[in-house]
Amino acid sequence: MKLSNIFNRRNRILLAELVRTDFKLRYQASTLGYLWSILNPLLLFSILYTVFDLFLGIGKGIEHYPVYLLLGIILWRFFMEATNNGLRAIVQRGGLLRKINFPKYIVVISGTISSLINLSLNLLVVLAFILINGVSLSWSALFIIPLVLELYAFALAISFFLSAVNVKFRDVGYLWDVFLQAAFYATPIIYPITMIASKSDLIAKILLINPVAQVIQDARYVLVTHDSITLFSMVGNKLYTLAPFIIIAVVAVVATLYFKKSSVKFAEHV
Amino acid sequence: MKKVKTETAIEVRNVFKTFKIPLDGGRNIKQRIVQIFKKNKGYREFSPLNGISFTINKGEFFGIVGRNGSGKSTLLKTMAGIYSADKGSIKVNGKLVPFIELGVGFNGELTGRENVYLNGALLGFSRDEIANMYDEIVEFAELHDFMEEQLKNYSSGMQVRLAFSIAIQAKGDILLLDEVLAVGDSAFQQKCYDYFGKLKRSGRTVVLVTHNMTAVEQYCSKALLLENGKVLAIGTNIQIAEKYREIFIPDAAKANATDNAKKVHRTQGGLKIEAVDIVQGDVSTTVLRAFEPFTIRVTFRSDKKIGPGACGVNIVNSRNVLVLATGTGGRYDDELSIKEGLSSIEFIVKQNIFTEDNYSINLAFARGDKNSSQELIYQETEVIKFSIRGVVSRPHSLVHPEVDVAIYKGKT
């Protein structure tokens, strides 16, 4: 397959149509429909605000902590949803794969893109809270775009790998669920990374090498508060800041090769 | 005379395909580990295609025929690029549109209109292109009033109509059609066949996979006969249809003979069936020619005198539909009186209107005459199996009397 063919006319048409369908079906049976993409983070924020700010008082050292928390959770939920959609994409479209030949990666991309659209809507809500909380935004806030793309690239790479494995081993979905639960606590989302750093500086650094953690901390830094500890500010040798990108690149290469090799037989195995 | 250069549409060269079929699932990690310890491969190999080569030229209506399991569908799916060949190559020249199944990717939650666009995108058509065909699609499907309704509210017939309508409006260079297209009610089948006729005249390249030799003779220009994943013959439609029947008919005879030989007739109520024969043109056979009369002869032995009774014969087709119920007694004059020893009854079927199919005969005897209540004393199903062959046109109807067609111009 030539690289120029990846997004040729036919594939673009198909991708657009699949994304459109996913989006239409997403809130199909609900009365409020698309509004849920906005309402959901809104309600989540009120819960976080009540629990963490009013009752627990965690994160007192970080300004705008509820927004800080909201942004982290929304980015995490995007990562979770995108990989889960991606993981199931091939098996879910099994009936289709057995009847018609089309580029298999399209369904993985379409599955993750609908999560990306959802994230964009969610981020609008976050933005509203950021402004309400009186955070002064600078042009550096635009860095959120490459950060989201970085996170998307990571989620997509993982999706390619998992969706292909899932065709052969259906247990992958359950394993990934458990893994994500563990990873949620290994990522500084609800707790500030300083809590870890005060116990072990090394562990805090290792946790931040995780691309998801790096993206979340950077996003908080550019959007919410400079109190957010980023990988860049934490490590002495700035070369270490490349580590998350290397991880993403390695996952992407392995995933692409594996997906390409096994996609030839999807129609038989699925 | 101008020489027309024949261009190749599809070239299949020495294609092999083997599937690994997992034994008892084998889809989860536990089973895989168990298989490793058992030194069990965990799958068996199945090779539906064993070195297939042929060429289809542009403008040909090409039939692929063969029995169930001969590799037809695998071949079609490999040509469509759904499966990849293990060995060999397939070259396709032009835009190929496969219809392995109608309504691929249909989603019940979407409206008819949305499904048209989705289905179109799967076949490689843009929204603009679909928009141009949209009116024709709706018109052909006769679904004007339903396009904004969710597909799940459609009847199955409506869904098939919509799917078929998209299929025929899709303008590809090469069409791959599976015989599954020709299922559905008879009106829809007729629509399919009419469409095949239209396709043939249009000069498009079509590949049709089918069991139906009538379709091959009517629509195909060339055909290929597959058996055990190998090309048994390639030739004109007529040659291949004849070859298919030649191979298929002895098969029916063999299958009937095996089944009939295995049949053990039990003794019930003092009655024992000695033989059930079918005779056509003085020859005892189980593969009968269509339209010609035949005789069913039942020979039985009774260990005592039973007296007045009746013998009933039911003939059911391969779908277990009762096609003929007949027997002695009732309004027939020749009342049966069962005596001790050997007797035989002949049922002469004067008008053979059985269509091409496989049939079996169920047999029953009753004691008593029409004036008293009858008591069933002997009952057995499938006492003999037979087949009818040689209905060329539309063998799928329930019965098939000889029909002459006359066409007159103007008023008669």
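Numbers given for residues are sequential positions, taken from 1 along each chain in its written order. Lettering for chains starts from A, numbering for ligands starts from 1, and both go in the order in which the items are written. It should be noted that, the model being predicted, local features are given only for residues of pLDDT at least 70 and side-chain atom pairs only at 80 or more, the latter also being counted only at that level, while totals for whole chains, interfaces and linings use all residues.

1. What about the pairing of strand β16 (residues 322-327) of chain B?
Every other side chain in a regular strand lies on the same face of the sheet, so the side chains alternate between the two faces. All names here are of chain B. Using the following cut-off: At least two DSSP bridges between two strands are needed for those strands to be called paired. Only DSSP runs of H or I with at least four residues qualify as helices, and only runs of E with at least two residues qualify as strands; both kinds are numbered from the N terminus onward.
The sheet contact formed by strand β15 (residues 307-316) and β16 spans five bridges and is antiparallel. From the neighbouring strand, G312 faces β16, where its bridge partner is G327. Hairpin connection between β15 and β16: a loop of five residues separates the two successive antiparallel strands, and N320 in this loop has a positive phi of roughly 65°.

2. Some thoughts on the sheet that holds strand β4 (residues 87-92) of chain B
Residue and element names in this part refer to chain B. Filter applied, for reference: For helices, the axis comes from a line fit to the C-alpha atoms of the stretch in contact; other axes are also lines fit to C-alpha atoms, and the angle between any two N-to-C directions lies between 0 and 180 degrees.
Taken together, three strands build an open sheet; the order of strands is β2-β1-β4 and the sheet is antiparallel. Each edge of the sheet is formed by a strand with only one pairing partner; in this case those strands are β2 (43-57) and β4. Geometrically, the sheet is characterised by an average inter-axis angle of 25° between neighbouring strands, direction not taken into account.

3. Here's the deal with the sheet that holds strand β8 (residues 222-227) of chain B
All names here are of chain B. Spatially, six strands are ordered β5-β6-β7-β3-β8-β9 in an open sheet, and the strand pairing comes out mixed. At either margin of the open sheet sits one strand with a lone partner, and together these are β5 (96-99) and β9 (230-236). Between one strand and the next, the sheet's axes are offset by a mean angle of 15°, whatever the strand orientation. Sheet topology note: the strand β3 (residues 61-66)/β8 ladder contains five bridges and is parallel. Within the sheet, the bridge partner assigned to F62 lies in β8 and is K222.

4. Overview of helix α3 (residues 65-92) of chain A
This is how it is decided: Any helix carries an expected span of 1.5 Å times its number of residues minus one. Exposure is read from a count of other C-beta atoms within 10 Å of each residue's own; the residue is exposed at 12 or fewer, buried at 20 or more and partly exposed in between. C-beta atoms are placed from the backbone.
An ideal rise of 1.5 Å per residue puts 40 Å on 28 residues; α3(A) measures up with 39 Å between its terminal C-alpha atoms. Across the 28 residues of α3(A), 23 count as buried, placing the element largely inside the fold.

5. Topic: unusual backbone geometry
Residue and element names in this part refer to chain B. The phi dihedral of F291 is positive, around 75°, even though this residue is not glycine. Here F291 shows up in the loop between β13 (287-289) and β14 (294-302). For F291, a count of 15 C-beta atoms within 10 Å corresponds to the partly exposed category. Notably, E382 is not glycine yet its phi reads approximately 50°, a positive angle. Secondary-structure assignment places E382 in strand β20 (residues 375-389). Residue classification places E382 among the partly exposed positions, given that 14 C-beta atoms sit within 10 Å.

6. What about the nonpolar core?
In plain terms, the rule: What makes a nonpolar core is a set of buried Ala, Val, Leu, Ile, Met, Phe, Trp, Tyr and Cys residues, with links drawn between C-beta atoms within 7 Å. Placing a C-beta atom from the backbone of each residue, one calls two residues in contact when those atoms lie within 7 Å.
One finds L71(A), L75(A) and L176(B) to be the most contacted residues of the largest nonpolar core, which totals 138 residues. Ranked by residues supplied to this core, first place goes to α3(A) with 16 residues. For L71(A), the residues in contact, after removing those within four places along its chain, are V126(A), A219(A), R220(A), L223(A) and V224(A).

7. Digging into the interface of chain A and chain B
The line we're drawing: Gly counts as polar in this scheme, as do all residues outside two lists: the nonpolar Ala, Val, Leu, Ile, Met, Phe, Trp, Tyr, Cys and Pro, and the charged Asp, Glu, Lys and Arg.
At the junction of the two partners, chain A supplies 20 residues and chain B supplies 23 residues. Breaking the side of chain A that touches chain B down by element, the ones donating at least two residues are α1 (9-26) and α13 (266-269) of chain A. A per-element tally of the side of chain A that touches chain B places α1(A) first, with seven residues. Residues that form the side of chain A that touches chain B fall into these classes: nine nonpolar, three polar and eight charged.

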